[in-house]
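# Close look at the chain arrangement
Each chain, letter by letter, is given below.
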Amino acid sequence: MNFQNQNASPRSLSGRNVTAILGPTNTGKTHLAIERMVAHSSGIIGLPLRLLAREVYTRVVAKVGEQHVALITGEEKISPPGARFSVCTVEAMPREADVAFVAIDEVQLAADLERGHIFTDRILHLRGREETLLLGAGTMRGILEKLLPGLSVITRPRMSVLTYSGSRKITRLPRRSAIVAFSSDEVYAIGELIRRQRGGVAVVLGALSPRTRNAQVALYQSGDVDYLVATDAIGMGLNLDVDHVAFAQNRKFDGFQYRDLNPAELGQIAGRAGRHLRDGTFGVTGQVDPLADELVHRIEAHEFDPVKVLQWRTAAFDFSSIDALRASLDMPPPVEGLTRALPAADAKVLEFLSRDEDIRKLANGRERVGLLWEACVLPDYRRIAPAQHAEIVGAVFSDLARMGHVDEDYMAEQVKRASSTEGDIDTLSQRIAQIRTWTFVSHRPGWLANATHWQEKTREIEDSLSDALHERLTKRFVDRRTSVLMKRLRENAMPEAEISPVGEVLVEGHHVGEMLGFRFTADRSAEGEDARAVKAAAQKALAAEFETRAERFASSGNGDLALDSDGLLRWLGQPVGTLVAGDDALKPRVVLLADEQLTGPARDKVAARAERFVSYQIESLLKPLVDLRNTESLSGMARGIAFQLAENFGVLNRRNVAEDVRALDQDARASLRRLGVRFGAYHIFVPALIKPAPAGLLTLLWALINDAKDKPGYGDVVNALAAGRTSIVTDPTFEKAFYGLAGYRNLGRRAVRVDILERLADLIRPALSWKPGAGARPEGGYDGGAFVVTPAMMSILGATADDMEAILKGLGYRGEPKPADEVAAHLKALDETASQTETAQKAQSDGAVEPVAEGSDTAAHKETAEPDVDGAAAADAVEAPVENAAPAADPSKPDAENAEPDAENAGKDEEPASEAPDAGASGAAGEEEEPKPVIIWRQARFDGRKRHGAGKGNPRQQGRGRQERDGAQKRGKPPRKDGDKPGFKRKGAPHRPREERPARIDPDSPFAKLAALKDQLKK
């Protein structure tokens, strides 16, 4: 391998035919150099960055043609056979070249601690036959004139004005700003912040591959994003349309230590603001303190301390041995104005390898030592520890020394490790740095047996990794949607909008949010400038959509609308309004859920249609309640009861209106029944309202009036009703009113549906009315006027024995515990007596057939119902049990036609009912445990005193005390004294039997038909 004689004396340090073009940024120095080079027959230009070399290469190709221009960097070589011009990085420039023109850009980097010695070498030794240009900052004038006598210096003024604008928040920086930081972590953090607030940024880092940096710069230059976050790489001659430069950091690691940027470095970076004749500004942002006035003046006036010395390292290497090479690297500079450079990366690698005995044995001659030094020049793109990098260099040198080229298998393995395009930004950046190492190896002359193959292979991998990295950077730091929308809005163009059937809004093909009913909801990921852009674009694009939707909504059918349990009015599933309390519980107000763009006649149409639908829902689901309130067919006491039912949402405790009910004649009762009212043993109620839909609406209307939508239990009790639950365990945290609104009555730890309580009354009534000797004992009958709980009673309630005790006490019955054996014996004796009586009656009848068969449903129905058909007798018979919550009459029988449709679900409660004690077998308890006593239930003695707080918590019962008093006063009845109460006997007063009042038959009652049938059978 041939090596240039590095010990040959260079030309005398002279400035003859050398011109220094000096000045601040934006003076057109690089443009002048390109123009001068293409004016010569041949030339070479050296640039500080591979990225900048690519840019200049493109510009020169545009002037003279691709076949005449070569691009030479450490990792890339484009060398057409007839190339007359070469564009290089300074490191790739030869020390001597036979060309007419030479230009070296950014010569102030000769003072850089890391790379400066390379720039110094080219400045001192590389010359063009006809012209040599040195381009750089004005701070280089003194040292260049000192080192190069006869140098011609031309200073160029800046084309535009650079002005300091102070400190600003990152989110308030103007458009076309570049934010400068000096670590990848800081660059990424700033990029994330600006993307959220302003739509996106381009990212330029020194660690990025040229292809990735080009793509990011193009993203900024095209206007897709208005912000650039970069390291000081932008200060190295990149031509960008930057109006403002903001320093987010003013400290950097220069390869040796962390230090503050000096004024010249700040000026070099700040000078990128403004281009050609357009003025620029600079300032600080983030945690950086405002710049001192003196420093600001120096940057604005481009007045910086002159460079006093240049970094220098000998080029006269001694390859006689490794030790001689190391000694030559420590040679002092030959002239004043130069200073020996600190050990560079290649010198550090040589230091490590010189300790390896195997390497020392291989480097046993001048040529081998020269080859070792050439391997040490391999750049450390990955910025790993010197020892790790030295291992790679040692492996490459070993292959070159032993085989004459790098091992193909080793090369393939290293390239394969870096080929994957999967991973995040940092992972891809590391792989790009790794593949750049092997790209450099592939371009070293003679290092590979098949160099062309590996050059193509590494270039392909680097390009794919660069594209993947650009895609990751763009995805992370650029919101394409916002950038497009902002660009269209700045152009004052009407964005193209599209709304999908499900309400998705697309503007210019980008998802910006959803149109739900008459409200536009912006994409939740939009923040800051992004949110403003989305909202502005959507409002501009959807201006006519509100009018169209309003027309469609106004003409929509009831089937397209729905009222949720939470009061939301929905149109085709989308919320358009919500109910709020009005002056009347049955007349809530509708508040539209619409943006401000729905105005004028369109909004009036929507409001009118929404109100009509809500009125329709209330009038249809709550028709019985509306009819009770608005009926004209009732008068007197019947009208008062109807009003109370309407005020209490369809349920009244019969005890609270007992006097009013007793005063009703049969015509009034019939009128109320025709309006859906049922007279039960315990309640006066409307069965049609004890269904999920009406109960849910009633709960909603009550909650609106009482601001109770957020109270515990809202909707839960209605759900239990919808599930067919006849009774439920009460939750003490729930609002008690919700139970009453759904048709439940709280009794102990359970709440029972009022219609199911009436079915319980049907089971208790025959047991109480039965007398010993009056035929077969009905189920639950005991001794006349008493009963025991039966499995059927517990089944319809879905209750346990303990629950039944609390329920019956709540209904006003009193319990008397008796030993199980005694109860069993008593019931057995009653059943035996009834059986003997039935046998005797059968023998006397001699087989006679009654007109109506005994035991038939009609006979049984007649026997239990006929004595209390209606009228005064029925009222008196019902009054005592209602007042004492102990049924002794059957006022609910005439309302059998109003029975709840889901009554067949009675007893299907999810909680299993425990068996009540079987009276016939209660004595057969286990031997080890004494049988539990059996409770005998009787009607409670009437004491004439009303329970304190009765009806509290039940909105259907509120205000009943006042209504009772008002009703009594209307009838002119004085308040009764204790001596007037039923069952109370004055001391010394003779007992007078109760006078029977003639029954008045309701002609609409089914019992009137039964009475007529009885008369016909008797005839």
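The structure displayed is predicted, hence computed values, not measured ones. (Residues numbered from 1 in each chain as written. Predicted model: local features only at pLDDT ≥ 70, side-chain atom pairs only at ≥ 80, totals over all residues. Heavy atoms only, no water.)

### Concerning the overall build of the protein
Threshold: Helix and strand assignments follow DSSP, with helices taken as H or I runs no shorter than four residues and strands as E runs no shorter than two, numbered in order from the N terminus. Using a 1.4 Å probe on the protein chains alone, a residue whose accessible area is under 20% of its type maximum counts as buried, one over 50% counts as exposed, and one in between counts as partly exposed. In what follows, a contact means two residues having at least one pair of non-hydrogen atoms within 4.5 Å. Areas reported as accessible are Shrake-Rupley estimates using a 1.4 Å probe. Residue values count occlusion only from the protein chains shown.
Each helix and strand counted, the protein has 35 helices and 35 strands in total. Taking all 1019 residues of the protein together, 49% fall into the buried category. Taking contacts inside the protein between residues at least 6 apart in sequence as the whole, the part at least 24 apart equals 71%. For the protein, the exposed surface amounts to about 47,700 Å²; the carbon and sulfur share of it is 49%.

### Some remarks on the pairing of strand E12 (residues 227–230)
This is how it is decided: For two strands to pair, DSSP has to find at least two bridges joining them. Throughout, right-handed denotes a crossover for which the path from the first strand over the helix to the second runs clockwise when the strands point away from the viewer.
Of the two faces of E12, both are covered, the one formed by Tyr 227 and Val 229 as well as the one formed by Leu 228 and Ala 230. Two strands pair when backbone bridges link them, and strand E10 (residues 177–180) and E12 are joined in this way by 4 bridges, in the parallel orientation. Along E12, the bridge assignment pairs Ser 177 with Tyr 227. By the bridge criterion, 3 bridges tie strand E11 (residues 202–204) to E12 in an arrangement that is parallel. The residue bridging Val 203 from the neighbouring strand is Val 229, located in E12. In this view, the connection linking E11 to its parallel neighbour E12 by way of helix H6 (residues 210–221) has right-handed handedness.

### Details of the confidence of the model for the protein
To be explicit about the condition: Values of pLDDT, ranging from 0 to 100, describe the predictor's confidence in every residue of the model.
Confidence in the prediction of the protein, expressed as mean pLDDT, is 80, and 78% of residues score 70 or more. The low-confidence segment residues 1–11, where pLDDT is below 50, has 18 contacts with residues more than four positions distant or belonging to other chains.

### Considering the pattern of salt bridges
Here is the rule we go by: Salt-bridge detection follows one rule: a side-chain nitrogen of Lys or Arg within 4 Å of a carboxyl oxygen of Asp or Glu.
One pass over the full model with this rule turns up 49 salt bridges. One salt bridge in this structure joins Glu 659 and Arg 662, with 3.3 Å as the shortest N-O distance. A residue pair is termed a helical-turn pair when its members lie 3 or 4 positions apart in one helix, as Glu 659 and Arg 662 do in helix H23 (residues 658–662) at 3 residues. Looking at Arg 662, the relative accessible area reads 17%, which means it is buried. Each member of the salt-bridge network shares a partner with another, and the members are Arg 50, Arg 54, Glu 76, Arg 211, Arg 459, Glu 462, Asp 463 and Asp 467.

### Some points on helix H5 (residues 184–198)
The α-helix advances 3.6 residues per turn, and as a result positions three or four apart in sequence lie on the same side. For clarity, the cut-off: Expected span of a helix: the number of residues minus one, times 1.5 Å. It is the directions from the helix axis to the C-beta atoms that the arc portrays.
The end-to-end C-alpha distance of H5, which contains 15 residues, comes to 20 Å, matching closely the 21 Å that a straight helix rising 1.5 Å per residue would cover. Of the residues making up H5, those classed as buried are Val 187, Tyr 188, Ile 190, Gly 191 and Ile 194. Summarising the axial view, the buried residues of H5 lie within an arc of 165°, below the 170-degree limit, and thus occupy one face. Phi turns positive, to about 105°, at Gly 199, one or two residues after H5.

### As for the sheet that holds strand E26 (residues 587–592)
To keep it simple, the criterion reads: A fitted line through C-alpha atoms represents every axis, and for helices the fit uses only the stretch in contact; the resulting angles, taken between N-to-C directions, go from 0 to 180 degrees.
Taken together, the 4 strands give an open sheet; going across it, the order is E23-E24-E25-E26, and neighbouring strands pair in antiparallel fashion. The open sheet has two edge strands, strand E23 (561–563) and E26, and neither has a second partner. Averaged over neighbouring strand pairs, the angle between their axes works out to 30° when direction is ignored. As paired elements, strand E24 (residues 568–571) and strand E25 (residues 574–584) share 4 bridges and run antiparallel to each other. Residue pairing in the sheet places Arg 570 in a bridge with Pro 575 of E25. Together, E23, E24 and E25 form the strand contacts of helix H19 (residues 545–554), whose direction differs from that of E24 by roughly 100°. Here helix H20 (residues 600–621) sits on the sheet and contacts E23, E24, E25 and E26; the angle it forms with E26, its principal contact strand, is near 145°.

### Comments concerning unusual backbone geometry
In this model, Leu 572 sits at a positive phi of 55°, which is unusual for a non-glycine residue. Counting through the fold element by element, Leu 572 comes out in the loop between E24 and E25. When its relative accessible area of 53% is taken as the criterion, Leu 572 is described as exposed. Its identity as a non-glycine residue notwithstanding, Phe 649 has a phi of 60°, on the positive side.

### Here's the deal with the sheet that holds strand E35 (residues 934–939)
Strand pairing in a sheet relies on backbone hydrogen bonds. The paired strands run either parallel or antiparallel. Taken in spatial order, the 3 strands of this open sheet run E33-E35-E34, and their pairing is antiparallel. On the outer flanks of this sheet lie strand E33 (786–787) and strand E34 (813–818), each paired with one strand and no other. Strand direction decides the pairing type here: E34 and E35, joined by 6 bridges, are antiparallel. Bridged to Arg 814 within E35 is Arg 938. Helix-sheet contacts for helix H30 (residues 801–810) involve E33, E34 and E35, and the interaxial angle to E35 is about 15°.

### Focus on the packing of helix H15 (residues 425–442) against helix H16 (residues 451–477)
The cut-off we apply is this: An angle counts as roughly parallel when it lies under 35 degrees, as roughly antiparallel when it exceeds 145, as roughly perpendicular when it falls between 65 and 115, and as oblique in every other case. Each helix crossing is assigned a hand: it is left-handed if the near helix lies turned anticlockwise from the far helix by less than a right angle, otherwise right-handed if that turn is clockwise. By the convention adopted, Pro, Cys, Tyr, Trp, Phe, Met, Ile, Leu, Val and Ala count as nonpolar, Lys, Arg, Asp and Glu as charged, and the other residues, Gly among them, as polar.
Interaxial distance between H15 and H16 falls to 9 Å at its minimum, and their mutual angle equals 160°. Here H15 lies roughly antiparallel to H16, going by the angle between them. The chirality of how H15 crosses H16 is left-handed. Of the residues in the contact of H15 with H16, the class split is 13 nonpolar, 6 polar and 6 charged.

### What to know about a nonpolar patch on the surface
This is how it is decided: Surface patches are drawn from residues lacking salt bridges whose relative accessible area is over 30%; two like charges belong together within 9 Å, two nonpolar side chains (Val, Leu, Ile, Met, Phe, Trp, Tyr) within 5 Å.
On the surface, Leu 113, Phe 256 and Leu 342 cluster together into a nonpolar patch covering about 220 Å² of accessible area. The residue Leu 113 is located in the loop between strand E6 (101–104) and helix H3 (116–125) in this model.

### Concerning the packing of aromatic side chains
What characterises a pair of aromatic rings is the spacing of the ring centres plus the angle enclosed by the ring planes. Convention followed: Each pair of aromatic rings taken from Phe, Tyr and Trp, with Trp reduced to its six-membered ring, is defined by centres within 6.5 Å and is described as stacked if the planes are under 30 degrees apart, edge-to-face if over 60, and tilted in the remaining cases.
Enumeration over the complete set of coordinates arrives at 14 aromatic pairs. Judged by centre distance (5.8 Å) and plane angle (10°), the rings of Phe 518 and Trp 571 are stacked. Placement of Phe 518 in the loop between strand E21 (510–516) and strand E22 (519–522) and of Trp 571 in strand E24 is noted, with a sequence separation of 53 residues between them. Exposure class is identical for Phe 518 and Trp 571. Each is buried. The interplanar angle of 40° and the centroid separation of 6.4 Å between the aromatic rings of Phe 613 and Tyr 616 together place this pair among those described as tilted.

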